[in-house]
Amino acid sequence: MGEVVLAVDIGGTKTAAAVADRSDVLLRTEVAPTPAAEGPAAVVATVAALAERLLPDGTTLAGVGIGTAGVVDASTGTIVSATDTFADWPGTPLAALVRAALGPRLQPDAVVAVQNDVDAHAAGEHRHGAASGAASALIVAVGTGVGAGLILDGRAARGAHHVAGEIAHLPTPGAEHLRCPCGRRGHLEAIGSGIGMHRHFLSLGGDPTIRDARGVATAAAAGDPVARRALEESAAAVGRALAGAATILDPERFVVTGGVPNIGEAWWGPMRAAYRTEAIDALQSTPILPGALGDDAPLRGAAASAWRNS
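Everything numeric in this text was worked out from a predicted model, so none of it was measured. (Residues numbered from 1 in each chain as written. Predicted model: local features only at pLDDT ≥ 70, side-chain atom pairs only at ≥ 80, totals over all residues. Heavy atoms only, no water.)

Q: Explanation requested: the overall build of the protein in the structure shown.
A: Of the regular secondary structure elements, the protein holds 9 helices and 12 strands. Against the compact-globule benchmark of 19 Å for 310 residues, the protein has a radius of gyration of 20 Å, which places it among compact chains. In terms of principal-axis extent, the alpha carbons of the protein reach across some 60 × 45 × 35 Å. Going through the 310 residues of the protein one by one, you find that 54% of them count as buried. The long-range fraction of contacts in the protein, counting pairs at least 24 apart against all pairs at least 6 apart in sequence, stands at 60%. Just so you have it, the protein exposes about 13,200 Å², and 52% of that area is on carbon and sulfur atoms. Distance between charge centres in the protein, computed from 23 positive and 31 negative side chains, equals 1 Å. (Helix = DSSP H or I, 4+ residues; strand = E, 2+ residues; numbered from the N terminus. Rg over C-alpha atoms; globule rule 2.2 N^0.38 Å. Buried < 20%, exposed > 50% of the residue type's maximum accessible area, 1.4 Å probe, protein only. Contact = heavy atoms within 4.5 Å. Areas by Shrake-Rupley, 256 points an atom, 1.4 Å probe, with all protein chains shown as cover. Lys, Arg positive; Asp, Glu negative; His and termini not counted. Charge placed at Lys NZ, Arg CZ, Asp CG, Glu CD.)

Below, the structure is given as structure tokens:
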């Protein structure tokens, strides 16, 4: 197999792991449910079990790169804060626990690098995808929630409190009636995420038998006016947030990825239109590109962090 690292993407519902070569190419991938409600020990045991499934007998790892849900202190590999999806996750010394769990599978000088999952996603798109070659970029993932990773001067920007670039909690006009997962009302994630779009649809009097954003998009395509309004207003909220971020960060490009943009032009059209309406003239030409790597992005970014730190 040659020299490899282990790349891991720990999400709220599933954990993916892969072995990757020095070009961050994923050689083999395995997936398991994330036992988030069972606590850190169970999550780490899942990572170790995936590693054993991936590695032939006798193979050792040159490093481990992990992207995980939660706010992460990447300098120590420790979870700073998280939603209550993960039991007892804040304060978890994840790098140290994974190192202990993998034990003899690690080469003596192997690093264990931990970062936020969307930062790993951003690293993957920056090194190998739609943000490749950009000195600065904001990579935004719009799915169940909203996350973002910021690249400045070719490197990840973490910020003083480990949340640089995190636009999910921007105060957002039109979302005041919706509660964000952080507990506050009126943030971008409360309306711009997939869950937010669906909740906005229900708040407008939409059909309660429609269960999620995918259903909203299907109903909008079939001509449901309430669904179309919810979809367009959710997408526009993302576009306005990008315009605000552009004013502060002036990135070379935006990359937008995740399940919600996969809705297609019905989402991209109002999102881009809202950006153009709000962005000042000097920022009108900033490209807003779809992600290129899909679900591989966080794993390839995690692999890159392991090699870069090795």
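Q: Please clarify how the packing of helix α6 (residues 213-221) against helix α7 (residues 225-249) should be interpreted in this entry.
A: Each packed pair of helices is defined by two parameters, the angle between the axes and the distance between the axes. Contact pair α6 / α7: the axes reach a minimum separation of 7 Å and the direction vectors enclose 120 degrees. If you check the angle between α6 and α7, you find them oblique. The handedness of the crossing between α6 and α7 is left-handed. Along the contact surface, α6 presents Val-216, Ala-219 and Ala-220, while α7 presents Ala-227, Arg-228, Ala-230 and Leu-231. Of the residues in the contact of α6 with α7, the class split is 6 nonpolar, no polar and 1 charged. (Axes fitted to C-alpha atoms, helices over the stretch in contact; angles between N-to-C directions. Parallel < 35°, antiparallel > 145°, perpendicular 65-115°, else oblique. Left-handed = near helix turned anticlockwise from the far one by under 90°. Nonpolar A, V, L, I, M, F, W, Y, C, P; charged D, E, K, R; others polar.)

Q: Explain the environment of Ile-167 here, please?
A: Within the fold, Ile-167 resides in the loop between β10 (155-156) and α4 (188-192). Judged by its relative accessible area of 5%, Ile-167 falls in the buried class. Between the alpha carbons of Ile-167 and Leu-188 there is a distance of 7.3 Å; along the sequence they are 21 residues apart. Here Ile-167 is in contact with Leu-138, Val-140, Val-146, Ala-148, Leu-188, Ala-241, Leu-242 and Ala-245, once residues within four sequence places are set aside.

Q: I keep staring at the nonpolar core and nothing clicks. Help me out?
A: A general tendency of soluble globular proteins is for nonpolar side chains to be buried together. Residues Ile-167, Leu-242, Trp-267 and Tyr-275 are the most contacted members of the largest nonpolar core, which totals 44 residues. Listed by contribution, the elements that provide at least two residues to this core are β8 (137-142), β9 (146-152), α4, α5 (194-203), α6, α7, β11 (253-257) and α8 (265-278). With 11 residues, α7 is the single largest residue contributor to this core. Excluding anything up to four places from it in sequence, Trp-267 contacts Val-142, Met-197, Leu-231, Ala-235, Val-238, Val-256, Val-260 and Pro-261. Grouped together as the second largest cluster of nonpolar side chains are 32 residues, Phe-86, Ala-95, Ala-110 and Val-114 included. (Core = buried A, V, L, I, M, F, W, Y, C linked by side-chain atoms within 4.5 Å.)

Q: When you look at the layout of surface pockets in this model, what are you seeing that I'm missing?
A: It is the rolling of a water-molecule-sized probe over the atoms that shows where space remains empty. Here the second largest pocket defines a volume of roughly 370 Å³. Taken together, 15 residues make up the lining of the second largest pocket; nearest its centre are Gln-115, Arg-155, Ala-156, Arg-158 and Arg-308. Among the secondary structure elements, those contributing two or more residues to the lining of the second largest pocket are β7 (106-116), α3 (117-128), β10 and α9 (296-309). Each residue belonging to the lining of the second largest pocket can be placed in one class, and the counts come to 6 nonpolar, 5 polar and 4 charged. (1 Å grid on protein atoms, 1.4 Å probe; cavity = no way out; pocket = protein on both sides within 12 Å on 5 of 7 lines; lining within 4 Å. Points joined across faces, edges and corners; volume = space filled by probe spheres on them.)

Q: Looking at this model, I keep getting lost on α9. Mind explaining?
A: Residues that lie three or four places apart on an α-helix share one face, since the helix turns once every 3.6 residues. The end-to-end C-alpha distance of α9, which contains 14 residues, comes to 20 Å, matching closely the 20 Å that a straight helix rising 1.5 Å per residue would cover. Among the 14 residues that make up α9, 11 are buried, leaving the element largely enclosed by the rest of the structure. Among the residues of α9, those classed as buried are Ala-297, Pro-298, Leu-299, Arg-300, Gly-301, Ala-302, Ala-303, Ala-304, Ser-305, Ala-306 and Trp-307. For α9, the elements touching its buried residues are β1 (4-10), β2 (14-20), β3 (26-33), β4 (61-68), β7 and α3. (Expected span 1.5 Å × (residues − 1).)

Q: What should I look at first to understand the state of the cysteines in this one?
A: In a disulfide, the sulfur atoms of two cysteines are held together by a covalent bond. Applying the stated rule across the entire model yields 0 disulfides. Between Cys-180, a cysteine without a disulfide, and Cys-182, which holds the nearest cysteine sulfur, the sulfur-to-sulfur distance is 3.8 Å. (Disulfide = S-S within 2.5 Å.)

Q: Help me understand the pairing of β3 in this model?
A: Along any regular strand the residues' side chains alternate between the sheet's two faces. Pairing of β2 with β3, which is carried by 7 bridges, proceeds in the antiparallel orientation. Bridge pairing links Lys-14 to Pro-33 in β3. Hairpin remark: β2 followed by β3, antiparallel, with 5 residues in the connecting loop; positive phi at Asp-24, about 65 degrees. (Pairing = 2+ DSSP bridges.)

Just distances and angles here, no functional claims.
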